[in-house]
Amino acid sequence: MSNKFSRRNFVKAGAAVGAASLAAGFSPFAIGGAHGSKKVVVVGGGVGGATAAKYIKMMDSSIDVTLIEANKDYYTCFLSNEVLGGDRQMNTLKISYAGLKGHGVKVVNDIVTGIDSGKQMVKTRGGDSFKYDRCIVSPGVDFKWELIDGYDASVAENTPHAWKAGPQTVTLRKQLESMRDGGTVIIAPPPNPFRCPPGPGERISQIAHYLKNNKPKSKILAFDPKKGFSKKGLFVDGWARHYGFDAGSMSGGLIDYTLQDGVVAYDARTKTVTTKSGNKIKGDVVNIIPAQKAGAIAAAAGLTNAKGWCPIKGNTFESTQHKNIHVIGDAAIASPLPKSGYAANSEGKVCAAAVVALLNGKEAPHPTYVNTCYSIIAPNDGISVAMVYNFVDGKIGKVKGSGGLTPKAFDAKARAREQQYAYSWFENIKADSWG
Amino acid sequence: MKHVKTLGTALIFGSLAFSGASLAGGASGEALSYTCAGCHGTNGASTGPASPSLAGMSAVYLADSMRAFKSGERESTIMMRIAKGYDDDDFDKMGAFFEKQTMHIADQSAGGMAGKGEKLHEKYCDKCHAESGMDPEDEAGQLGGQWTAYTEYQLQDVMDGTRDPGKKMTKALKKMHKKEGDAGIQALLDYYASKK
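Conventions we followed
Residues numbered from 1 in each chain as written. Chains lettered and ligands numbered in written order. Predicted model: local features only at pLDDT ≥ 70, side-chain atom pairs only at ≥ 80, totals over all residues. Heavy atoms only, no water. Domains from an automatic or database assignment. Contact = heavy atoms within 4.5 Å. Buried area = accessible area lost by both parts, 1.4 Å probe. Salt bridge = Lys/Arg side-chain N within 4 Å of Asp/Glu carboxyl O. Polar contact = N/O pair within 3.5 Å; in protein donor to acceptor, adjacent residues only side chain to side chain. Nonpolar A, V, L, I, M, F, W, Y, C, P; charged D, E, K, R; others polar. Pairing = 2+ DSSP bridges. Helix = DSSP H or I, 4+ residues; strand = E, 2+ residues; numbered from the N terminus. Patch = residues over 30% accessible without salt bridge, like charges linked within 9 Å, V, L, I, M, F, W, Y side chains within 5 Å. Areas by Shrake-Rupley, 256 points an atom, 1.4 Å probe, with all protein chains shown as cover. Lys, Arg positive; Asp, Glu negative; His and termini not counted. Charge placed at Lys NZ, Arg CZ, Asp CG, Glu CD. Buried < 20%, exposed > 50% of the residue type's maximum accessible area, 1.4 Å probe, protein only. Axes fitted to C-alpha atoms, helices over the stretch in contact; angles between N-to-C directions. Phe/Tyr/Trp six-rings, centres within 6.5 Å; stacked < 30°, edge-to-face > 60°. Left-handed = near helix turned anticlockwise from the far one by under 90°.

### Some words on the domain arrangement of chain A
Residues and elements named next belong to chain A.
Part 1 of the reasoning: Looking at the assigned domains, one finds that chain A contains domain 1 (3–70 + 110–142 + 293–364) and domain 2 (149–290).
Part 2 of the reasoning: Each side of the interface is counted separately: domain 1 has 7 residues, and domain 2 has 6 residues.
Part 3 of the reasoning: Regarding the contact of domain 1 and domain 2, the summed buried area is about 500 Å², with carbon and sulfur atoms giving 56% of it.
Part 4 of the reasoning: Ranking the residues of domain 1 by area buried against domain 2 places Val141, Trp309 and Lys339 at the top, with a combined share of 74%.
Part 5 of the reasoning: Across the contact surface, domain 1 and domain 2 share 1 salt bridge.
Part 6 of the reasoning: Across the salt bridge formed by Arg195 and Asp330, the nearest N and O atoms sit 2.5 Å from each other.
Part 7 of the reasoning: In this assembly, domain 1 and domain 2 are joined by 3 residue pairs in polar contact (both at pLDDT 80 or more).
Part 8 of the reasoning: Counted by class, the side of domain 1 that touches domain 2 contains 3 nonpolar, 1 polar and 3 charged residues.

### Notes on the sheet that holds strand β11 (residues 184–188) of chain A
Residue and element names in this part refer to chain A.
Part 1 of the reasoning: Spatially, the 5 strands line up as an open sheet ordered β13-β14-β12-β11-β18, and their pairing is mixed. In the strand order of this sheet, the two ends are held by β13 (251–252) and β18 (285–288), each with one partner.
Part 2 of the reasoning: Of the strand pairs in this sheet, β11 and strand β12 (residues 219–223) are connected by 4 bridges, and their pairing is parallel. Bridged to Val185 within β12 is Ile220.

### Digging into the interface of chain A and chain B
Part 1 of the reasoning: Listed by partner, the interface residues are 46 residues for chain A and 44 residues for chain B.
Part 2 of the reasoning: A combined buried area of about 3,600 Å² lies between chain A and chain B, and 60% of that area is made up of carbon and sulfur atoms.
Part 3 of the reasoning: There are 4 salt bridges connecting chain A and chain B.
Part 4 of the reasoning: The shortest N-O distance in the salt bridge between B:Arg81 and A:Glu418 comes to 3.6 Å.
Part 5 of the reasoning: One can count 23 residue pairs in polar contact (both at pLDDT 80 or more) joining chain A with chain B.
Part 6 of the reasoning: Every element with two or more residues in the side of chain A that touches chain B is listed here: α2 (47–59), α9 (341–359), β23 (369–378), β24 (381–392), β26 (404–405) and α10 (412–434) of chain A.
Part 7 of the reasoning: By residue number, the principal contributor to the side of chain A that touches chain B is α10(A), which donates 14 residues.
Part 8 of the reasoning: Residue composition of the side of chain A that touches chain B, grouped by class: 23 nonpolar, 14 polar and 9 charged.

### Concerning the domain arrangement of chain B
Residues and elements named next belong to chain B.
Part 1 of the reasoning: By the assigned domains, chain B splits into domain 1 (2–100) and domain 2 (114–194).
Part 2 of the reasoning: Contact residues are listed per partner, giving 16 residues for domain 1 and 13 residues for domain 2.
Part 3 of the reasoning: Interface area, domain 1 with domain 2, both sides summed: about 1,300 Å², of which 53% is carbon and sulfur.
Part 4 of the reasoning: Among the residues domain 1 hides against domain 2, the three largest losses belong to Ala50, Tyr61 and Arg74. Together they make up 34% of the total.

### Observations regarding a positive patch on the surface
Residue and element names in this part refer to chain B.
Part 1 of the reasoning: A contiguous patch of positive charge on the surface is contributed by Lys123, Lys127, Lys167, Lys168, Lys171, Lys175 and Lys179.
Part 2 of the reasoning: At 5 residues, the largest contribution of residues to the positive patch is made by helix α10 (residues 167–180).
Part 3 of the reasoning: Tracing the sequence through the fold places Lys127 in the loop between α7 (114–125) and α8 (130–133).
Part 4 of the reasoning: Judged by relative accessible area, which is 84%, Lys127 ranks as exposed.

### Comments concerning the sheet that holds strand β16 (residues 272–275) of chain A
Residues and elements named next belong to chain A.
Part 1 of the reasoning: Taken together, the 3 strands give an open sheet; going across it, the order is β15-β16-β17, and neighbouring strands pair in antiparallel fashion. With one partner strand each, in any of the chains shown, β15 (263–267) and β17 (280–282) form the two edges of the open sheet. On average, each strand axis in the sheet is inclined to that of its neighbour by 25 degrees, with strand direction left out of account.
Part 2 of the reasoning: With 4 bridges connecting them, β15 and β16 associate as antiparallel partners. Counted as the bridge partner of Val263 is Thr275 from β16.

### Notes on a negative patch on the surface
Residue and element names in this part refer to chain B.
Part 1 of the reasoning: A cluster of acidic residues, Glu118, Glu122, Asp126 and Glu131, forms a negative patch at the surface.
Part 2 of the reasoning: Tracing the chain through its elements places Glu118 in helix α7.
Part 3 of the reasoning: Here Glu118 falls in the partly exposed class, since its relative accessible area comes to 34%.

### Quick notes on the side chain of A:Ser218
Residues and elements named next belong to chain A.
Part 1 of the reasoning: Looking at the secondary structure, you find Ser218 in the loop between α6 (199–214) and β12.
Part 2 of the reasoning: Ser218 sits in the buried class, given a relative accessible area of 2%.
Part 3 of the reasoning: From its side chain, Ser218 meets the backbone nitrogen of Gly182 in a polar contact 3.0 Å long.
Part 4 of the reasoning: At 2.9 Å, the side chain of Ser218 forms a polar contact with the backbone oxygen of Lys215.
Part 5 of the reasoning: For Ser218, the residues in contact, after removing those within four places along its chain, are Met179, Arg180, Asp181, Gly182, Gly183, Leu211 and Leu254.

### Quick look at the packing of aromatic side chains
Residue and element names in this part refer to chain A.
Part 1 of the reasoning: Considering all chains together, one arrives at 19 aromatic pairs over all chains under this definition.
Part 2 of the reasoning: Taken together, a centroid distance of 5.6 Å and an interplanar angle of 55 degrees make the contact between Trp145 and Tyr151 tilted.
Part 3 of the reasoning: Residue Tyr151 is classed as buried on the basis of its relative accessible area of 2%.
Part 4 of the reasoning: Where Tyr342 meets Trp425, the ring centres are 6.3 Å apart and the plane angle is 40 degrees; that geometry is what we call tilted. Highlighted residues: Tyr342 in helix α9 and Trp425 in helix α10, separated in sequence by 83 residues.

### Considerations on the pattern of salt bridges
Part 1 of the reasoning: As enumerated under the stated definition, the model contains 24 salt bridges over all chains in all.
Part 2 of the reasoning: When the shortest N-O distance is used, the salt bridge between A:Arg417 and B:Asp157 registers 2.9 Å. In this pair, A:Arg417 is assigned in helix α10 and B:Asp157 in helix α9 (residues 148–159), connecting two distinct chains.
Part 3 of the reasoning: Residue classification places A:Arg417 among the buried positions, given a relative accessible area of 8%.
Part 4 of the reasoning: Of the charged contacts, one joins B:Asp89 and B:Lys93 as a salt bridge, the two residues approaching to 4.0 Å between their closest N and O atoms. Taken as a pair, B:Asp89 and B:Lys93 lie in helix α6 (residues 88–100) at a separation of 4 residues, close to a single helical turn.
Part 5 of the reasoning: Judged by its relative accessible area of 33%, B:Asp89 falls in the partly exposed class.

### What to know about the packing of α2(A) against α9(A)
All names here are of chain A.
Part 1 of the reasoning: Where α2 meets α9, the closest approach of the two axes is 7 Å, and the angle between their N-to-C directions is 35 degrees. In terms of crossing hand, the pair formed by α2 and α9 is right-handed. In this structure, α2 contributes Val47, Gly48, Thr51, Ala52, Tyr55, Ile56 and Met59 to the contact, and α9 contributes Gly341, Ala344, Asn345, Gly348, Lys349, Ala352, Ala353, Val355 and Val356.

Right, dumping it as structure tokens:
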């Protein structure tokens, strides 16, 4: 979008905002783009932002939706662990924004530098300004680099976290490929809360799958600051069946998992991690997943709390700190909804319905949410966790008795199907969010 | 697009349709159905390879299936767990939503026995699954144009007793299998996959 175009929008949007607050009887079927149409600016084109943008257009095509995203293409975090394991190619993770454009969403390739909640204006590094009636911020996560001495964004170029899929996924895969048989892979899962709770367990599984078939003398050493981790029972059962692991000692075969002793320092020159208890271990491949917080723009816009996450109202995802700005996805405090792709997709729809209703002078409809996460332990061995959520007494809650984990007793037929359903999840959530 | 028109109405009436008994707390059919899309596709049009499409499916069949998943009468990997989050009213709303959508035809290749499969379908299946299993009026599941992996799972489950779809179907399928063997099942799958 050119400067000229955005200035023109700015003038017309000024009139639109004035009308919006009075427009209790506004017709949702008003035709026409520029003249008086309501403006939504979506910041971030990940699962949450893309879903919200698409569904707003599906629900009310008269709303002018602009999505601003830093990257030309998006790479899904989900199933990127299979790239590390060698069973998936990077191009299957790649998403273009053509689908959203087809729904009438204006996609702008730029970086948002500020959100002025008073002027209701989003500003970009490219120098453009975008006026909004409602802004939806879906910035994903950023890292608390300061918690691991010696590890930062530049060190992560060569010692990748790979917790945002893309070039770092490729780097980590190449490092695994070039590692000698008998090498040590160090994985440092993050403290809670973080994006994709079952992700570290799946990553360990996928790397073990690669090592088993290619470098069986190697070892994965995990140093986790937490007391436990998501889907632990199912993962350790799978590691025992596939990778020689012993659940009692939490070690054996290809994997050695240390709980309550996370990585606190890293020496990039010698590839040596230091754990909280003072252990120093040298790795051949090191994967540090740092502690997380909401994406940087959320803090810059004053949307975060002291812990770095964004408090929201659970039925609209409107920030409790700034009016007319909604925050969805991993950055939002939507607990008990997890920080997952499926939850971001579900939140995007709840937020879209609320924004459409509010822009049309109506009350936000009653929300409903689902989360479903799959993990692939090994070929033909998929597991899942699911939950249905409701909104009761002003809070998001789990629907009692719903959801839960794949039953622990191993059933080969069901596990093979879960893998196929995981791939269906992958294809459908890509299409539903960006297609 | 159909949903654009219907949603305007839904947003107006959604907040009035609150039912205290509903586990999902009175959400509209649209809102409930949108939560399915991450696995079953936007408006129930699944991109596969295994999650079934729900678009254009019989409302009665969908709601009955969800009730059976919820009670455990019908087994599944994950649907049983998710179905426990909803009540009958929610299932009816989802069924009504998906039935309104245009039936989705899976983009997949078919094996070479579709001709044989068509004859078998007419002989053993057509009585309950009308129009190649593509007529929601029959209040049965979609067969033609459904994802093959899903249909294959269902036939496996009926054959090994995991799924009891009622005496009629079990009897018909087993009779067909006794006469035609596994090739008969493959022929049926080829036929359903060939429907465009």
